[in-house]
Amino acid sequence: MQYHLAPLFCRPWTLNGITPRLIESHYEGNYGSALRRLNAITEELDALDPATTSAAVVNRLKRDEAAMLNSTLLHELYFASLGGDGRAVPETMAAALARDFGSTDRWRQQFIALAEALAGGSGWVLLTYVPRDGRLINQSGADHGQNIAGGIPILALDMYEHAYHIDFGANASAYVAAFMRNIDWTAVQGRYEDATRVAPPRPLEQKQFAGVPAMTVEQVRALLDSGERVQIIDARPRHYTTRAQDIMEGAVWRDPERLDEWIGELSKTDPVVTYCVYGFHVGCETAIALRKAGFDARYMAGGHYAWKAIGGKVRLFE
Ligand SMILES: [Fe+2]
């Protein structure tokens, strides 16, 4: 495929302290060259015979393609970040910055610190929305390729020297200040609103256990920390426990195949939490059986390994 050039988004003559000459050189020379290289690499890849081309050649081209594609996308975002007065942060955007950074000022201080840390080097500073967590994060990348997977950048500051030397020489701080004075917050907010409509990654869905109450490992830990009474049953299958070395602290192991033998030990007044190895099946089935018998039982999602993954305490399993 061929990538198409995007017209310059900001109006260079309206910028405050950044000259049209700088933007023109940047747009034509750097953005344009990234796009042209991207198209050349794509053409080369399309023309290759995968049967006879060495893996090393394909690998190099794919790496260059990723860098040039990212450079293209980030330059388009950079030019689309400029053209405002930098000060008037619209309501939705101000609320989002306050939610995720404490305040617009705190966001600004962190963003500028990341930019100034790149002075004399090169890279990007991005304000990025992460659909997984529904939040904004600042990030800096020392080349075109270091971006948060799944994140959607909504504001970009180019810290390559080509982005400022014509106007600012080596004075990167003055360039950063000028960039901040030209942020188009209305455009940033529009992109933020678009980004928030992207669905987070699909969670694990277990249709057959949809009606069974579950607890996250964090909730179980909080429950244990609170000191409230709870009965935790490790229901890992017997064949599995022969190679298990540890067990969640506060849990007792009970063979899920022999529920009838141990169900009588449980208190009906205290809640029960069951779990298995990964939380897929046995822990859920055990919780269902206990609920049928009238217990307030739920299963711990993610099982034994999720508990260990959050650093939950374990003891030796004998
Ligand atoms: Fe650039």
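Everything quoted here is computed from the prediction, not taken from an experiment. (Residues numbered from 1 in each chain as written. Predicted model: local features only at pLDDT ≥ 70, side-chain atom pairs only at ≥ 80, totals over all residues. Heavy atoms only, no water.)

Student: What exactly am I supposed to notice about the sheet that holds strand S5 (residues 231-234) here?
Tutor: Across a sheet, paired strands are connected by hydrogen bonds in the backbone, their directions being either parallel or antiparallel. The parallel open sheet is built from five strands, whose spatial order is S4-S9-S8-S5-S7. Edge positions in the open sheet fall to strand S4 (214-215) and strand S7 (251-253), since each of these has one partner strand only. With three bridges connecting them, S5 and S7 associate as parallel partners. When the sheet's bridge partners are listed, Ile233 is paired in S7 with Val252. Across the sheet, helix H11 (residues 282-292) touches strand S8 (272-275) and strand S9 (297-300), and the angle it forms with S9 is around 175 degrees. (Pairing = 2+ DSSP bridges. Helix = DSSP H or I, 4+ residues; strand = E, 2+ residues; numbered from the N terminus. Contact = heavy atoms within 4.5 Å. Axes fitted to C-alpha atoms, helices over the stretch in contact; angles between N-to-C directions.)

Student: Could you clarify how one ought to interpret the side chain of His162 in this entry?
Tutor: Secondary-structure assignment places His162 in the loop between strand S3 (152-158) and helix H5 (165-168). Excluding its chain neighbours within four sequence positions, the residues that come into contact with His162 are Leu22, His26, Asn30 and His75.

Student: It is not clear to me how the coordination of the iron ion should be interpreted in this structure. Could you clarify?
Tutor: Ideal values differ by geometry: the angle at a metal is 109.5 degrees with four tetrahedral donors, but 90 or 180 degrees with six octahedral donors. The iron ion binds to the protein through His26 (NE2), His75 (NE2), Asp158 (OD) and His162 (NE2); the donor distances cover 1.8 to 2.1 Å. Here the iron ion is ringed by four donor atoms whose angles at the metal span 86 to 130 degrees, and the overall shape comes out tetrahedral. Summarised as a motif, the one-chain spacing of the donors to the iron ion is H-x48-H-x82-D-x3-H. With a gap of 132 residues between them, His26 in helix H1 (residues 20-47) and Asp158 in strand S3 connect regions that are remote in the sequence. For the pair formed by His26 and Asp158, the shared burial category is buried. (Donors = N, O, S within 2.8 Å, 3.2 Å for Na, K, Ca; no water. Tetrahedral: all angles 85-135°; square planar, octahedral: opposite > 155°, others 65-115°. Buried < 20%, exposed > 50% of the residue type's maximum accessible area, 1.4 Å probe, protein only.)

Student: Looking at this structure, how should I read the environment of Leu61?
Tutor: Locating Leu61 in the fold gives a position in helix H2 (residues 55-81). When the C-alpha atoms of Leu61 and Leu45 are compared, they prove to be 7.1 Å apart, with 16 residues separating the residues in sequence. When residues no more than four places from it in sequence are discounted, the contact partners of Leu61 are Ile41, Glu44, Leu45 and Leu48.

Student: Could you clarify how one ought to interpret the pattern of salt bridges in this entry?
Tutor: Evaluated as defined, the whole model comprises 12 salt bridges. Notably, a salt bridge pairs Lys308 with Asp246, separated by 2.6 Å at the nearest N-O pair. A residue pair is termed long-range when its members are at least 10 positions apart, and Lys308 in helix H12 (residues 303-309) and Asp246 in strand S6 (residues 246-248) qualify at 62 residues. On the basis of relative accessibility, which here comes to 34%, the residue Lys308 falls in the partly exposed class. Here Arg258 makes a salt bridge to Asp255, at a shortest N to O gap of 3.6 Å. A residue is classified by how much of its surface remains accessible, and Arg258, at 41% relative accessible area, is partly exposed. Classification of Asp255 as buried rests on a relative accessible area of 6%. (Salt bridge = Lys/Arg side-chain N within 4 Å of Asp/Glu carboxyl O.)

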